[in-house]
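Working through the structure, step by step
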Amino acid sequence: MRNKCVTILLSSENEAKISSVRKVCTELFPNFSLYHYNVTSGISETPEDDDEAIKGCHNRIENIEKETSSIHADYIIALEGLINKSEFGAFVYGWAVIKETGVNKYYYGCSGKVMLPSDITSKLSKNVKLSDLVLDLYPQFSDDDLKKLGTNGVLTHGLYTRVQEFETALKCAFGSLVVQRGGQYGQADYF
Ligand SMILES: O=c1[nH]c(=O)c2ncn([C@@H]3O[C@H](COP(=O)(O)OP(=O)(O)OP(=O)(O)O)[C@@H](O)[C@H]3O)c2[nH]1
């Protein structure tokens, strides 16, 4: 089954999300097709806790299933960014949820976190889109920079971009799929 073409649906048209899925799937699957659609998450613009972000991922998966019912997908992927506040500061990061459709199972993975500076945290709220706030505060960055790098990529000067953030989350989620099957990293046939 080494050359089976795996079909993957991504529930977003965000450039950074598409790049991260493409990169991770290229490592995992010898042959895959990726389709992406914009669907709603049904949660706040910028969720503030893990449960809300994961709920948003589940909603995206349900919505994409409704909208693409004629496409057979092996995996459906949802990615959701969030900001979590702790006593040490506010951190931006992301969750990945993967649905393996054949067995109706879900796998979850989380990224690393980047701490936000106080000029951003003082203006944050659930209904403000973080990217809009960053564009306002740092006019030297363009909309295009932000789409490619994300807030964390802009803040870290490319050291940990939004693409890398979601790559981590996806590898953790696909990793738990490998664990579940008792497989080892690199055995693409397991997928
Ligand atoms: O994880 C992140 N890493 C970043 O570097 C980053 N930069 C901005 N954001 C914001 O996070 C919120 C949820 O984002 P999100 O997952 O809903 O994505 P999005 O709205 O950009 O795309 P879409 O998939 O909804 O089309 C939105 O306020 C985005 O502005 C980031 N999130």
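Residues numbered from 1 in each chain as written. Predicted model: local features only at pLDDT ≥ 70, side-chain atom pairs only at ≥ 80, totals over all residues. Heavy atoms only, no water.

The next thing to look at is the overall build of the chain. From N to C terminus, the chain includes 6 helices and 6 strands. Reading the secondary structure of the chain in the N-to-C direction produces β-α-β-α-β-β-β-β-α-α-α-α. Taking 2.2 N^0.38 as the reference for a compact globule, 191 residues should give roughly 16 Å; the C-alpha atoms of the chain span a radius of gyration of 17 Å, in line with that estimate. Expressed along its principal axes, the backbone C-alpha trace of the chain runs to roughly 50 × 30 × 30 Å. In the chain, 61% of the contacts between residues at least 6 apart in sequence involve partners at least 24 apart. Carbon and sulfur atoms provide 50% of the accessible area of the chain, an area that totals close to 9,500 Å². Taking the average location of the 20 positive side-chain charges in the chain and that of its 25 negative ones, the two points are 4 Å from each other. (Helix = DSSP H or I, 4+ residues; strand = E, 2+ residues; numbered from the N terminus. Rg over C-alpha atoms; globule rule 2.2 N^0.38 Å. Contact = heavy atoms within 4.5 Å. Areas by Shrake-Rupley, 256 points an atom, 1.4 Å probe, with all protein chains shown as cover. Lys, Arg positive; Asp, Glu negative; His and termini not counted. Charge placed at Lys NZ, Arg CZ, Asp CG, Glu CD.)

In the vicinity of the ligand, 20 residues are found, and the nearest of them are Ser 12, Lys 129, Ser 131, Asn 152 and Glu 165. Contact distances for the ligand include 2.6 Å between an oxygen atom and a side-chain N or O atom of Thr 46. Separating an oxygen atom of the ligand from a side-chain N or O atom of Lys 129 is a distance of 2.6 Å. Considering the ligand on its own, with 620 Å² of exposed area, one finds that the protein chains cover 91% of that surface. Judged by the fraction of its atoms near the pocket grid, the ligand is located in the largest pocket. (Near = heavy atom within 4 Å. Polar contact = N/O pair within 3.5 Å; in protein donor to acceptor, adjacent residues only side chain to side chain. 1 Å grid on protein atoms, 1.4 Å probe; cavity = no way out; pocket = protein on both sides within 12 Å on 5 of 7 lines; lining within 4 Å. Sits in = over half its atoms within 2 Å of the grid points.)

Now for the UniProt feature "domain: Non-canonical purine NTP phosphatase/PRRC1" (unreviewed entry) in the chain. When the UniProt feature table is mapped onto this chain, "domain: Non-canonical purine NTP phosphatase/PRRC1" (unreviewed entry) is found at residues 12–176. Regarding residues 12–176, the helix share stands at 44% and the strand share at 22%, and the terminal C-alpha atoms are separated by 22 Å. (UniProt positions renumbered as here; feature names shortened; annotations may be inferred.)

The side chains of a regular strand alternate, residue by residue, between the two faces of the sheet. Of all the 5 residues making up strand β1 (residues 6–10), 5 are buried; the element is thus mostly covered by neighbouring parts of the structure. Judged by which residues are buried, β1 turns out to be covered on both faces: Val 6, Ile 8 and Leu 10 on one side and Thr 7 and Leu 9 on the other are all buried. Note that β1 and strand β2 (residues 32–36) share 5 bridges and pair parallel. In the sheet register, Ile 8 faces β2, and the bridge partner there is Leu 34. Following the chain from β1 across helix α1 (residues 15–28) to the adjacent parallel β2, one finds a crossover that is right-handed. (Buried < 20%, exposed > 50% of the residue type's maximum accessible area, 1.4 Å probe, protein only. Pairing = 2+ DSSP bridges. Right-handed = clockwise from strand over helix to strand, strands pointing away.)

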